[in-house]
Each structure stands twice: as C-alpha cells, then as structure tokens.
Amino acid sequence: MQDNTAFTCFLPEEASTLKLGAALARVLLPGMTLFLEGDLGAGKTTLTRGILRGLGFAGRVKSPTYTLVESYALSSLYFYHFDLYRFSDPLEWEDAGLREYFNAQSLCLIEWADKAEGLLPPPDWIIRLAPEGEGRRIRIEPRSEQGTSCLEKLNKQPPI
Amino acid sequence: MLVLGIESSCDETGVALYDTEAGLLAHHLHSQIAMHAEYGGVVPELASRDHIRRVLPLTQATLDEAGRQLTDIDAIAYTAGPGLAGALLVGASVANALAFALGKPTIAVHHLEGHLLSPLLADPAPSFPFVALLVSGGHTQLMAVHGVGHYELLGETVDDAAGEAFDKSAKLLGLGYPGGPALSKLADQGDATRFKLPRPMLHSGDLEMSFSGLKTAVLNLVKEQSPLNETTTADICAAFQEAIVEVLVKKSLAALKQTGLKRLVIAGGVGANRQLRAALDDAARKRRFEVFYPPLSLCTDNGAMIAHAGAKRLAFAQAAGSFSIQPRWDLASLPAVE
C-alpha cells in the first residue's frame, strides 16, 4: 500500500533500476543520508550505480562490502557508499571511524544500516528493494522534512 | 638491512620482520597468535578493526620469534593505503613513533604492491616480468608487473570481487558468512554438471570481469530448488566454483596472450582455492607457461608482504615523524625502483 508521501514502483529489469537511480540523482541533495535495504541479490549495487551515473560518474562502481566505504568525489558533492554487511556488532561503526564522512557536502548511502543500529545519523530516506515476480519492487519512505520535499519532486515526475 | 613491516589497512593487523639477506624472519597476524594471554580472554569479533590494542603485542611477538631487539631494526615499513583512513592511521602512527624514537627511517607501502610482490617470498620465486592475478575478498584484477613499481592494470572486476562472490553465495546457500572456504569444500563433493551458471563477461573481448550477476543467479537457483537438500547444495557449490574458476583462468590466459608474457603469479586469498590452483596448473602444462603462488599463509592480508615490499623500496625511505596516509591510492602512480 502506498501512503501519501512514499514512492513505489515496479522495476522489471536491470535497465529500469538504473533508470530509476538516475531519476533519484536528479532530486537528491548534498547532506542527505539514505538507508538502502534489501537481501543479497536484490539489486542494491545496481541502484547505486544508477544514482552515480545520474550524478555524472562514469567509472566502475565496486561493491564496498570489503572496504566498508567507497568514496566518489563528484563535481557537485562527495558521494559515500557504505556497506556494513560484515559488521557483527554496532560498535564496529565507531572502531572503523566512519562517523566523519557525514557532513553538509556529502551524500551518504548506507547498505545494511541495521548492523550499526542506534549509532548512525537518522536517514532522510529509507529505500527498500524486494524481489517481485521476475523483477524488483522499490519503495522509498521519507523520514525527514528534506527527504519529504525531495521525494515530492520525484513523485511529480514519474521516471518510468 | 632489517625491515619491520606493519599492516593495518582493513581487518587484519599484521607485523613481520624481513631481512634483505636472510629473507622473512618472522611474521604474526592477530588471528594467528595466542591473544588470550595478552588480553585475558577471547578477542571478540567486534574488535576486528581495533588495531591499536594489537600492534604492539604483535611487534613484540615477532621480535621474540626472530630473536631480535627493536634496536636491530634498520627501517619500518607500513601500509599507507589504500584502505580505511582510521585503520591506516594506526599503523602509520605506530610505525612513525617507533622509527622516530629509534632514529630510523620509515617507508610508506602500497597495500596492493605488498600483495603483488608476495609471490617473491616463495621458493622458487618468479623473475620479472610477469602477469599477476590478484584475487581476494576485496580485489580481483590482472596486472602486468615489469619490475618493482612498473605496474600496468590490464583488467579488473567492474563490481564484486571474486572472493566476495564466494562469501555472499555461501550465505545464500545457508553456509554462514564469510563462507567461501566452506563453499569450496562442499563443491568438491558436488556434481558441477547438474546446474549451469553464467560466466559473466567471459567473452567480453577484454580483461574486465563481473561477479555480481553470478550471485543473483545463485539466488534464483536457491529459490527454484528450495528447500535445498545436501546433494543439491553441493551441486550448486560445484557449479558456482566452476563458473568463477573458469572466468579467472580464461581471463588470466587472455592476459598472458595479450602481453606475450610466460609467467603468471597468483596473489590474494582466493589464490588458496584448490580448484583454481588445479585448473591453472593444468593450463600451465598445456600452454607452456609457469605459474607461481605465494605461500598459503601469505595469501590473505599480512605484515610479511609489507615488510618485504618495504625492503624493495629502501631507496624511498623517509625520515620518521611527518607522514600522511592515502585511503585512495592509484597503484600506477608509484615511482619505479630501478
């Protein structure tokens, strides 16, 4: 079910995930924090690649599972792609020294945010990807005022 | 010249002593030493990035094993990047503080150069030039190595590393995380012909690789075959391992062909995989090239490769005290050692 503020749509194939990612890039702003949820193989890396393509990054988008964070210096902002999959205790967030990445110039996207529950800055969006039939369903819930206004822009211009 | 090496770029804390005449004298990893005595209990997993508490006891253990004193050390090498800034800073600070106190120089080492040169610690060691396949949980790349500091990236994964695909597919198969080694073990009992998994980018015509789609293919297979019995799980493991190994072997052969080189060197954790080694050995016999592996204990991140690479870069040693780390660092930007 869709409430007034959330966004949802069906993504039949990889190309549509990439296209939606690019559409998200058009409404996202520096300083925002996004949580990206979904099981292994749900298309999280593909969506991230779509967002980065939309932000003008043409290079490789590698999984940050091993490195914990991959950073991208773009013309308009710093994009940090976190993956906390390997955490077994939220305190590892502090040990890894990742808090410093969050500031007004950076856009932070976090996979497996639940692994550092309680220690992360509150998200502006929670993005959920889930398998549906042969494709995926995406659902974006705004969790802040800024998150709501950005999502309204997306809702006004259905991307797919 | 005696070089102390300190590795702290990600999860592992490693310390080693390398002598330019006698070779590797001793090395210790946090997971290999009896930490219980030093800390009065089991080290919890959450301390996996807690290098601060580890590095000094490891240094002492390494010196003790080699029968040397701190004052015997001629230079201290440390991983300056790439890696996590916080983790790198620990190794860099300790290396510089020790070296400053001892009045010795430091050497900033690139983590991947450490891996690339680690097969030189084996006997027999390969001579330059060679093609290196660096394959681990964090990296999958093919390089042409013409000498220390002469590195040319030939191709790499465009998404997940091969080791990561192993670990995540193991998770999808209910083998825990990280379950790469468990998956390989089960694969030995499975029938690789029952299921056919894709070989991403096998025929891309270049040396790029992709392993993210393979994980999705395993996910679909698990759903289709669910609930999994033991035989089916083993058969999926076998099909998965065969797909990864085929891609790695074919791309390595293509790299040898493209460069005209006759030596292939494997580095990184996945280099310990038995089926990969068997397939490469087989190809080496048929195609008449030589293949070299680092000692098994030096496949994963370790201090020995940093001490060793530091010893190769003594010409670039700097006075201790002022240092910087490079969380992102292009291997091709390293100066060559003549």
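Every value quoted in this text rests on a predicted model; they were computed, and no experiment measured them. (Residues numbered from 1 in each chain as written. Chains lettered and ligands numbered in written order. Predicted model: local features only at pLDDT ≥ 70, side-chain atom pairs only at ≥ 80, totals over all residues. Heavy atoms only, no water.)

1. A short note on the environment of B:Met1
Residues and elements named next belong to chain B.
At step 1: With respect to the helices and strands, the residue Met1 is situated in the segment before β1 (2–7).
At step 2: The class for Met1 is partly exposed, based on a relative accessible area of 49%.
At step 3: Expressed as a C-alpha distance, the spacing of Met1 and Ala311, which sit 310 residues apart in the sequence, is 8.0 Å.
At step 4: Residues contacting Met1, with those up to four places away along its chain left out, are Tyr18, Asp19, Thr20, Asp74 and Leu314. (Helix = DSSP H or I, 4+ residues; strand = E, 2+ residues; numbered from the N terminus. Buried < 20%, exposed > 50% of the residue type's maximum accessible area, 1.4 Å probe, protein only. Contact = heavy atoms within 4.5 Å.)

2. Digging into the domain arrangement of chain B
Residue and element names in this part refer to chain B.
At step 1: Its domain assignment divides chain B into domain 1 (2–117 + 298–333) and domain 2 (128–293).
At step 2: For domain 1 versus domain 2, the separation of C-alpha centres amounts to 29 Å.
At step 3: Where domain 1 abuts domain 2, roughly 1100 Å² becomes buried across the two surfaces, and 75% of that area is made up of carbon and sulfur atoms.
At step 4: On the domain 1 side of the interface with domain 2, the three residues burying the most area are Leu112, Leu116 and Cys299, jointly 49% of the side's total.
At step 5: In this assembly, domain 1 and domain 2 are joined by 0 salt bridges.
At step 6: On inspection of domain 1 and its partner domain 2, the count reaches 2 residue pairs in polar contact (both at pLDDT 80 or more).
At step 7: Here the side of domain 1 that touches domain 2 takes 6 residues from helix α4 (residues 111–117), the largest share from any one element.
At step 8: Looking at side-chain class alone, the side of domain 1 that touches domain 2 contains 6 nonpolar, 3 polar and 3 charged residues. (Domains from an automatic or database assignment. Buried area = accessible area lost by both parts, 1.4 Å probe. Salt bridge = Lys/Arg side-chain N within 4 Å of Asp/Glu carboxyl O. Polar contact = N/O pair within 3.5 Å; in protein donor to acceptor, adjacent residues only side chain to side chain. Nonpolar A, V, L, I, M, F, W, Y, C, P; charged D, E, K, R; others polar.)

3. Some thoughts on the UniProt feature "binding site: substrate" (unreviewed entry) in chain B
All names here are of chain B.
At step 1: The UniProt record annotates "binding site: substrate" (unreviewed entry) at Leu134, Val135, Ser136, Gly137, Gly138, Asp167, Gly180 and Asn273. Considering only the residues just annotated, the second largest pocket is lined by Gly137 and Gly138.
At step 2: Within the element layout of this structure, Leu134 appears in strand β6 (residues 130–135).
At step 3: The class of Leu134 is buried, set by a relative accessible area of 1%.
At step 4: Setting aside its immediate chain neighbours within four residues, Leu134 contacts Leu112, His115, His139, Thr140, Gln141, Ala267 and Gly268.
At step 5: Once residues within four sequence positions are removed from consideration, Gly180 is found in contact with Phe166, Asp167 and Ala170. (UniProt positions renumbered as here; feature names shortened; annotations may be inferred. 1 Å grid on protein atoms, 1.4 Å probe; cavity = no way out; pocket = protein on both sides within 12 Å on 5 of 7 lines; lining within 4 Å.)

4. Digging into the packing of helix α5 (residues 162–172) of chain B against helix α8 (residues 230–259) of chain B
Residues and elements named next belong to chain B.
At step 1: Remark: α5 packs on α8, axes separated minimally by 11 Å, with the N-to-C direction vectors making an angle of 175 degrees. Classified by the angle between their axes, α5 and α8 sit roughly antiparallel to one another. Contact residues: Ala162, Ala165, Phe166 and Ser169 in α5; Phe240, Gln241, Ile244 and Leu248 in α8. (Axes fitted to C-alpha atoms, helices over the stretch in contact; angles between N-to-C directions. Parallel < 35°, antiparallel > 145°, perpendicular 65-115°, else oblique.)

5. Let's talk about the pairing of strand β7 (residues 140–147) of chain B
If a strand is regular, its side chains alternate between the two faces of the sheet.
Residues and elements named next belong to chain B.
At step 1: In terms of burial, β7 is a largely internal element, 7 of the 8 residues being buried.
At step 2: Here β6 runs beside β7; their pairing, made up of 6 bridges, is antiparallel. Bridge pairing in β7 places Leu134 opposite Gln141.
At step 3: Here β6 folds back onto β7, and the loop between the two strands holds 4 residues.
At step 4: Examined bridge by bridge, β7 and strand β8 (residues 150–156) share 6 bridges and lie antiparallel to one another. Note that in β8 the partner of Ala144 across the bridge is Glu152.
At step 5: Between the antiparallel neighbours β7 and β8 lie 2 residues, among them Gly149 with a positive phi of about 90 degrees. (Pairing = 2+ DSSP bridges.)

6. Details of the packing of aromatic side chains
At step 1: Going through the model one piece at a time under the given rule, you end up with 12 aromatic pairs over all chains.
At step 2: Taking 4.8 Å as the distance between ring centres and 70 degrees as the angle between the ring planes, the aromatic pair formed by A:Phe57 and A:Tyr72 counts as edge-to-face. One end of the pair, A:Phe57, is in the loop between α2 (44–54) and β3 (69–73); the other, A:Tyr72, is in strand β3, and 15 residues separate them in sequence.
At step 3: Judged by its relative accessible area of 22%, A:Phe57 is partly exposed.
At step 4: Assessed through its relative accessible area of 4%, A:Tyr72 is described here as buried.
At step 5: Among the aromatic residues, those joined into a ring-pair cluster are A:Tyr78, A:Tyr80, A:Phe82, A:Trp93, A:Tyr101 and A:Phe102.
At step 6: For B:Lys168, the ring lying beneath its charged end belongs to A:Tyr85, and the centroid distance is 5.7 Å.
At step 7: Directly above the aromatic system of B:Tyr293 lies the positively charged group of B:Arg277, at a separation of 4.2 Å from the ring centroid. (Phe/Tyr/Trp six-rings, centres within 6.5 Å; stacked < 30°, edge-to-face > 60°. Lys NZ or Arg CZ within 6 Å of the ring centre and 35° of its normal.)

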